[in-house]
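Here is what each chain is made of, one letter per residue.
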Amino acid sequence: MRNYYHTAPSFSSMRVLFLVVLLANLGVLALGQGFFGTPPNEQGREARILSERNQQAVQLGEPRAQY
């Protein structure tokens, strides 16, 4: 009977591959969340604080819809 375990990758190389993929995923997550600067989805936008938003567009009162 042949021993097929010698043809499969060793467990240590699989652990190294797992750790490399895990670190790559953590790096992409950190980049997307903005840990290394401005996140890619926010580049090119002007940063505004909440008080500068379009406050006059909000009208408080009774709803106008007729049911």
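Everything below is about the structure printed above this text.
A quick note: this is a predicted structure, and the numbers were derived from the prediction, not measured. (Residues numbered from 1 in each chain as written. Predicted model: local features only at pLDDT ≥ 70, side-chain atom pairs only at ≥ 80, totals over all residues. Heavy atoms only, no water.)

Draft legend 1. Local environment of the overall build of the protein chain. Of regular secondary structure, the protein chain possesses 1 helix and 0 strands. Every one of the 67 residues in the protein chain was classed for burial, and the buried ones make up 3%. Accessible surface, the protein chain as shown: approximately 7300 Å² in total, 60% of it carbon and sulfur. (Helix = DSSP H or I, 4+ residues; strand = E, 2+ residues; numbered from the N terminus. Buried < 20%, exposed > 50% of the residue type's maximum accessible area, 1.4 Å probe, protein only. Areas by Shrake-Rupley, 256 points an atom, 1.4 Å probe, with all protein chains shown as cover.)

Draft legend 2. Here's a closer look at helix α1 (residues 11–33). For α1, which comprises 23 residues, the first-to-last C-alpha distance of 33 Å matches the rise-based estimate of 33 Å (1.5 Å per residue) to within 8%. After α1 finishes, the residue G34 shows a positive phi value of roughly 90°. (Expected span 1.5 Å × (residues − 1).)

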